[in-house]
Amino acid sequence: MELKKTAVAGTMESSDIMVTVEPRECGGIVLELTSSVMKQYGRRIEQVIRETAAELGVEHALIRAVDKGALDCTVRARAAAALFRAAEQENHIWEVGK
């Protein structure tokens, strides 16, 4: 998936996560995560975001995420929505499976 523009998904409400995606030409995935539950779940949140990007074929991006206690399913949905928006794709594949 080729990212074409900066895009955002999510809110700053409790139990949600705001994900901002910016295209990059090289350098892989750079993830900047801020979370109210960083000590307990920071690694898991990062893992879910990176897995979602990989499953959608994103190789290079700057992803900023501000988490307010979102569940894994919400993290995955917000990351996917931001990536689809950044790629300007409307043929969404909402089921991301292994």
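Here we summarise the structure given alongside this text. (Residues numbered from 1 in each chain as written. Predicted model: local features only at pLDDT ≥ 70, side-chain atom pairs only at ≥ 80, totals over all residues. Heavy atoms only, no water.)

**Quick look at the pattern of salt bridges**
What the rule picks out here adds up to seven salt bridges. For Asp72, the salt bridge is made with Arg44, and the minimal N-O distance between the two is 2.8 Å. With Asp72 in helix α2 (residues 72-86) and Arg44 in helix α1 (residues 38-55), this residue pair connects regions lying 28 residues apart in the sequence. Its relative accessible area of 32% is what places Arg44 among the partly exposed residues. Between Glu46 and Arg50 there is a salt bridge, and its shortest N-O distance comes to 2.9 Å. (Salt bridge = Lys/Arg side-chain N within 4 Å of Asp/Glu carboxyl O. Helix = DSSP H or I, 4+ residues; strand = E, 2+ residues; numbered from the N terminus. Buried < 20%, exposed > 50% of the residue type's maximum accessible area, 1.4 Å probe, protein only.)

**What to know about the side chain of Glu51**
Here Glu51 shows up in helix α1. The class of Glu51 is buried, set by a relative accessible area of 18%. A polar atom in the side chain of Glu51 sits 3.5 Å from the side chain of Arg76. (Polar contact = N/O pair within 3.5 Å; in protein donor to acceptor, adjacent residues only side chain to side chain.)

Coordinates in, geometry out; function isn't part of it.
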